[in-house]
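Inside the fold
Each chain is listed here by its residues.
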There are 4 protein chains.
Amino acid sequence: MSLEKEKQLVLELILHFYKQGWMRFGSGNFCLRNGNELLCAKDRVQRDLLQEGEIVQFSLSDSPKVDNVEWSKIFAYILQKRNAVSCILSTSIAALGASLYPAKEFHTRSKEMIKGIPKGHPSNGYLCCFDSLKVPIIQNDSTERIYESIKQTLEDYPETNAILIRGYGAIGWGSTWEKSKTQMECYDYLFELDYKIKNL
Amino acid sequence: MSLEKEKQLVLELILHFYKQGWMRFGSGNFCLRNGNELLCAKDRVQRDLLQEGEIVQFSLSDSPKVDNVEWSKIFAYILQKRNAVSCILSTSIAALGASLYPAKEFHTRSKEMIKGIPKGHPSNGYLCCFDSLKVPIIQNDSTERIYESIKQTLEDYPETNAILIRGYGAIGWGSTWEKSKTQMECYDYLFELDYKIKNL
Amino acid sequence: MSLEKEKQLVLELILHFYKQGWMRFGSGNFCLRNGNELLCAKDRVQRDLLQEGEIVQFSLSDSPKVDNVEWSKIFAYILQKRNAVSCILSTSIAALGASLYPAKEFHTRSKEMIKGIPKGHPSNGYLCCFDSLKVPIIQNDSTERIYESIKQTLEDYPETNAILIRGYGAIGWGSTWEKSKTQMECYDYLFELDYKIKNL
Amino acid sequence: MSLEKEKQLVLELILHFYKQGWMRFGSGNFCLRNGNELLCAKDRVQRDLLQEGEIVQFSLSDSPKVDNVEWSKIFAYILQKRNAVSCILSTSIAALGASLYPAKEFHTRSKEMIKGIPKGHPSNGYLCCFDSLKVPIIQNDSTERIYESIKQTLEDYPETNAILIRGYGAIGWGSTWEKSKTQMECYDYLFELDYKIKNL
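Residues numbered from 1 in each chain as written. Chains lettered and ligands numbered in written order. Predicted model: local features only at pLDDT ≥ 70, side-chain atom pairs only at ≥ 80, totals over all residues. Heavy atoms only, no water.

Going by what an unreviewed UniProt entry lists, chain A is known as 5'-methylthioribulose-1-phosphate dehydratase and is assigned to Schizosaccharomyces octosporus.

Written as structure tokens, this is what we have:
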């Protein structure tokens, strides 16, 4: 896809994610990679009224010094480290609820929707619905420290496709933009369902 | 209706069901029968962005060997056994909540919406709002075993129009596509309401 | 307004009410009066896909014998008795929750939204936000007995603009279609809010 | 922006806010300032069907005597006192829930979304996500007394950008219309999240 078309895709998907409740205010983001180039929305810009001029393009090597995108270095690191094409930073209420569990990981099992999550890279296949799904939870902190925590977490959890950040939300990634989207749909569903069950 | 028009209908209804929360990720399905031919969406394909090329057509006799539609044999069996025209596999949060009740059946009574559910085939009339509605719950398992459970359940509950699959969702069917849709609206509503009351 | 325009209005408003969650399946209704003529949707007809041909027109005197609209006699009675122009029968989850309270009335007070409810007819002015709002709850039963209960309740509660029917929903009316709509928005909001507070 | 364009903006934003659940019935409002001129919707007018003729224009000096806008004087006072351009009066269920807490203030901390709230005027910078956010709660009363309470509260809480009114909702303001909107998105999110956590 050309960069021009990808910009349109980023605009459309961010609006879609806003409607799903993943991106209120200028928080939450979607970062799409095309070779060495990355696209995402500026920080503190309205997700439901995003303009083309508010999409930032930067290269992998430039990622640490991008203005207006605090997480640029984190997005670049995850996408390279996991050989992924896009990642979604969601601040949905469901993700927040799960991020606040007083535990090191969010756990769920025996839910059909777990099948939507790959064992690390999709080339290793997918989890079975009876598998246990763990999503590591890290502390919120300065961007630099979140970067360090995520680096460590990617080592400690080689199979995870998402990380919860306490009081912040969830970051997930996928080997195509479709996979990052459907995987986040699964995670968000599982977070929401878990809350519902806890209240039965 | 021509198969071409039915394909359009499947596309439209699946998008509608996605918006209702019945089909996140590539899960959930809608299967429509036209004589010996069946139409439904491929597995693991985005329900909100479904393309015409992602709708699979197969015949009743081919149903056990359809690629990309794990439930093809189950859809075909239910539609034939119950003389139905379409069925909906929903993974809504409301259905999931109900499927996780530690019981063999979901029970509810004295709700007006129960009137929307037929006593088996609509030719036998509909339940009264004061009737007790039971929806059997089966275990989730391999597709082959779910097939066997559903076969048994259709024998054990000759009047039911839906089955809950624990941790998975609900499958419902109707003698027209409209009935399968409105009946699932009733079931989903009753599942949601029951959860709400339990939390009062 | 001409009857033709009113039919369009009924079509549009019922779709709007469906989206609000007031009318799932073929349940819930909106009845609009134009002199001696009344318009509403047929029973058991999909509210989200309502067709012009599925709107029934009948006169006040014909109301007891209308096919396909079980509540025709009730709608006609309420509209005449309360000098109202339209009524809404809602089966929203919020109304259902409130209808199931083990009490003769739903009570709430000190909510700003109470200001949206008139003291009986709007010509008597509106409730103050500090007033206590009572909505009587009647039992669900055969249409004939609901008719009798509603008749009695209109006598017992001369100021009410809505009645809850246990396990069924809520019927509300207004002196214009706009008022019946905004009043039901207030009731639904107050039912939803009350549930929320009970869970705090 | 011309006043004509601003009227269009008010119409569009109020519809958007209705869809967010901030303005049911004729309650809730959005007031936009252009120099000495203010625009907002009339009281008791349907927010989802707002017409251009239902937008009221008045000047700062006229604010105490505007018909059909009970809060005109309050809007004018806040906008001047805080050097703001627009304010949003929300009656969302989330705001109502928070307004009913038996405390003088709504408190939350360690949530990323807190970053969206300025320390008083945005020229002083924004809160950090680890800061504690307080939103004062005042009693609902006559408009005149709410006016007095808000006056006092603006003195007592020089940094706040919103006030909760018990049983009524929340009023928030911003130095641009975009900021008043995104800030209310943050507040509403934090109110909703807090309720969710309380129920865990």
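1. Some points on the overall build of chain A
Where we set the bar: Here a strand is any run of E in DSSP of at least two residues, a helix any run of H or I of at least four, and the numbering for each starts at the N terminus. Computed by Shrake-Rupley with a 1.4 Å probe, the accessible areas treat only the displayed protein chains as cover when residues are assessed. For the purpose of charge, His is not counted, nor are the chain termini; Lys and Arg are scored as positive and Asp and Glu as negative. Taken as the charge location is NZ of Lys, CZ of Arg, CG of Asp or CD of Glu.
A tally of helices and strands in chain A yields 5 helices and 8 strands. Accessible surface, chain A: about 7,600 Å² in total, of which carbon and sulfur atoms supply 47%. For chain A, the distance from the average position of its 25 positive side-chain charges to the average position of its 25 negative side-chain charges is 4 Å.

2. Details of the interface of chain D and chain A
How large an interface is tends to be reported as the accessible area lost when its parts come together. For clarity, the cut-off: Only heavy atoms matter for contacts: two residues are in contact if any of them lie within 4.5 Å across the pair. Buried area: the accessible surface (1.4 Å probe) lost by two parts on joining, summed over both. Whenever a carboxyl oxygen of Asp or Glu lies within 4 Å of a side-chain nitrogen of Lys or Arg, that contact is scored as a salt bridge. Polar contact is the term for a pair of N or O atoms within 3.5 Å; when the atoms are in protein, one must be able to donate a hydrogen and the other to accept it, and sequence-neighboring residues count only if both atoms are side-chain atoms. Residue type decides the class: Asp, Glu, Lys and Arg count as charged, Ala, Val, Leu, Ile, Met, Phe, Trp, Tyr, Cys and Pro as nonpolar, and the leftover types, Gly among them, as polar.
Facing 25 residues of chain D, the contacting portion of chain A comprises 24 residues. Taken together, both faces of the contact between chain D and chain A bury some 2,200 Å²; the carbon and sulfur share is 60%. Here chain D and chain A share 4 salt bridges between them. Between D:Lys181 and A:Asp48 there is a salt bridge, with the nearest N and O atoms lying 2.8 Å from each other. For the pair chain D and chain A, the number of links is 13 residue pairs in polar contact (both at pLDDT 80 or more). Looking at which element gives the most residues to the side of chain D that touches chain A, the answer is helix α5 (residues 177-198) of chain D, with 12 residues. When its residues are assigned to classes, the side of chain D that touches chain A shows 10 nonpolar, 6 polar and 9 charged.

3. Topic: the interface of chain A and chain B
Across the contact, 25 residues belong to chain A and 24 residues belong to chain B. Surface buried jointly by chain A and chain B totals about 2,300 Å² across both partners, of which 60% is contributed by carbon and sulfur atoms. Summed over the shared surface of chain A and chain B, the number is 4 salt bridges. The shortest N-O distance in the salt bridge between A:Asp188 and B:Arg24 comes to 3.8 Å. Taken together, chain A and chain B are joined by 13 residue pairs in polar contact (both at pLDDT 80 or more). Of the residues forming the side of chain A that touches chain B, the biggest block, 12 residues, is contributed by helix α5 (residues 177-198) of chain A. When its residues are assigned to classes, the side of chain A that touches chain B shows 10 nonpolar, 6 polar and 9 charged.

4. Quick notes on the environment of A:Ser59
All names here are of chain A. Stated precisely, the cut-off is as follows: Partly exposed describes any residue whose relative accessible area lies between the buried limit of under 20% and the exposed limit of over 50%, with all areas from a 1.4 Å probe on protein chains only and scaled to the type maximum.
Looking at where Ser59 falls in the secondary structure, it is placed in strand β3 (residues 55-59). For Ser59, a relative accessible area of 12% translates into the label buried. Along the backbone, Ser59 and Ser72 are 13 residues apart, and their C-alpha atoms lie at a distance of 9.8 Å.

5. Topic: the pattern of salt bridges
Within this structure, the stated rule accounts for 44 salt bridges over all chains. Of the charged contacts in the structure, one is a salt bridge between B:Lys115 and C:Glu70, with a shortest N-O distance of 3.1 Å. Here C:Glu70 lies in the loop between β3 (55-59) and α2 (72-81) and B:Lys115 lies in the loop between β5 (105-109) and β6 (132-138), a pairing that spans two chains. Between B:Glu192 and C:Arg24 there is a salt bridge, and its shortest N-O distance comes to 2.9 Å. Note that B:Glu192 is positioned in helix α5 (residues 177-198) and C:Arg24 in the loop between α1 (3-19) and β1 (29-34), a pairing that runs across two chains. Note on B:Glu192: relative accessible area 28%, which makes it partly exposed. C:Arg24 gets classed as buried once you look at its relative accessible area, which sits at 15%. Through salt bridges with shared partners, one network takes in A:Arg24, D:Asp188 and D:Glu192.

6. Regarding the relation of the copies chain D and chain A
Here is the rule we go by: We superpose the copies by least squares over the C-alpha atoms of residues that have a pLDDT of at least 70 in both of them.
Note on the identical chains: chain D maps onto chain A by a rotation of 90 degrees and an axial translation of 0.0 Å, with an RMSD of 0.0 Å. Each copy turns onto its partner about a four-fold axis. Among all C-alpha atoms of chain D, that of D:Asn199 lies closest to the rotation axis, at 5.2 Å.

7. Some remarks on the packing of aromatic side chains
Filter applied, for reference: In this analysis, rings of Phe, Tyr and Trp, with Trp reduced to its six-membered ring, are considered paired at centre separations within 6.5 Å, and the interplanar angle assigns stacked below 30 degrees, edge-to-face beyond 60, and tilted for intermediate values.
For the structure on display, the rule yields 32 aromatic pairs over all chains. For the pair B:Tyr77 and B:Tyr147, a centre-to-centre distance of 5.5 Å together with 75 degrees between the ring planes defines the contact as edge-to-face. Taken together, the positions of B:Tyr77 in helix α2 (residues 72-81) and B:Tyr147 in helix α4 (residues 143-156) put the pair 70 residues apart, joining distant regions of the chain. Here B:Tyr77 matches B:Tyr147 in class, with each residue buried. Clustering of aromatic rings is evident, with ring pairs tying together A:Tyr101, A:Phe106, A:Tyr187 and A:Phe191.

8. Quick notes on the arrangement of the chains
Across all C-alpha pairs, the smallest distance from chain A to chain C is 10 Å, and the two are not in contact. In this assembly chain B lies apart from chain D, the nearest approach of their C-alpha atoms being 10 Å.

9. Digging into empty space enclosed by the protein
Residue and element names in this part refer to chain B. Defined as follows: Grid points spaced at 1 Å over the protein atoms alone were grouped into cavities, where a 1.4 Å probe fits but cannot get out, and pockets, open sets with protein on both sides within 12 Å along at least five of seven lines, with lining residues defined by an atom within 4 Å of a point. Grid points are joined across faces, edges and corners, and a volume is the space filled by probe spheres set on the points.
Counted under the stated rule, the structure contains 2 cavities of 30 Å³ or more. There is about 60 Å³ of room inside the largest cavity. As for the largest cavity, its lining consists of Arg82, Ala84, Pro118, Gly120, His121, Pro122, Asn161, Trp173, Gly174, Ser175 and Gln183. Considered class by class, the residues forming the lining of the largest cavity number 4 nonpolar, 6 polar and 1 charged. Each pocket or cavity is described by its volume, and for the second largest cavity that value is around 40 Å³.

10. Focus: the environment of D:Leu32
Residue and element names in this part refer to chain D. Take Leu32: it is sitting in strand β1 (residues 29-34). As for Leu32 and Ile78, which are separated by 46 residues in sequence, their C-alpha atoms are 12 Å apart. Every residue in contact with Leu32, bar those within four places of it in the chain, is listed here: Glu6, Leu9, Val10, Glu37, Leu38, Leu39, Val85, Ser86 and Trp177.

11. Quick notes on the relation of the copies chain A and chain B
The two copies are related by a screw motion: chain A maps onto chain B through a turn of 90 degrees and a shift of 0.0 Å along the axis, at an RMSD of 0.0 Å. Mapped onto chain B, only 4% of the interface residues of chain A are again interface residues, and the two copies thus contact each other with different surfaces.

12. What about the sheet that holds strand β8 (residues 169-174) of chain C?
Residue and element names in this part refer to chain C. Stated precisely, the cut-off is as follows: Strands qualify as paired when DSSP identifies two bridges or more between them. An axis is simply a line fitted to the C-alpha atoms; with a helix, the fit covers only the stretch in contact. Between two such axes, the angle follows the N-to-C directions and lies from 0 to 180 degrees.
Within the open sheet, the 8 strands sit side by side as β3-β2-β1-β4-β8-β7-β6-β5. Their pairing is mixed. A strand with exactly one partner marks an edge of an open sheet, and here the two such strands are β3 and β5 (105-109). Direction aside, neighbouring strands of the sheet carry axes that sit 20 degrees apart on average. Of the strand pairs in this sheet, strand β7 (residues 162-165) and β8 are connected by 4 bridges, and their pairing is antiparallel. Paired with Leu164 across the two strands is Ala170, which belongs to β8. Strands in contact with α2 are β1, β2 (37-41), β3, β4 (86-90) and β8; relative to β1, the strand with the most contacts, it is inclined by about 50 degrees. Along the sheet, helix α4 (residues 143-156) contacts β6 (132-138), β7 and β8; its crossing angle with β6, the most-contacted strand, is approximately 155 degrees.

13. So, the sheet that holds β5(B)
Residues and elements named next belong to chain B. Pairing in this open sheet of 8 strands is mixed, and the strands run β3-β2-β1-β4-β8-β7-β6-β5 from one edge to the other. Of all strands in the sheet, those bounded by a partner on one side alone are β3 (55-59) and β5. Neighbour-to-neighbour, the strand axes of this sheet turn through a mean angle of 20 degrees, independent of strand direction. With 4 bridges joining them, strand β1 (residues 29-34) and strand β4 (residues 86-90) adopt antiparallel strand pairing. Each residue of the ladder has a partner; that of Cys31, found in β4, is Cys87. Packed onto the sheet, α4 meets β6, β7 (162-165) and β8 (169-174) and runs at close to 155 degrees relative to β6.

14. What to know about helix α4 (residues 143-156) of chain D
Residue and element names in this part refer to chain D. Put simply, the test is: In this scheme, a helix's expected span is set at 1.5 Å multiplied by one less than its residue total. Directions pointing from the helix axis toward each C-beta atom define the arc.
Counted at 1.5 Å a residue, the expected span for α4 with its 14 residues is 20 Å, and the 20 Å between its end C-alpha atoms agrees. Listing the buried residues of α4 in full gives Thr143, Ile146, Tyr147, Ile150, Thr153 and Leu154. Along α4, the residues classed as buried sweep out an arc of 130 degrees about the axis, all on the same side. Elements in contact with the buried residues of α4: α2 (72-81), β6 (132-138), β7 (162-165) and β8 (169-174).

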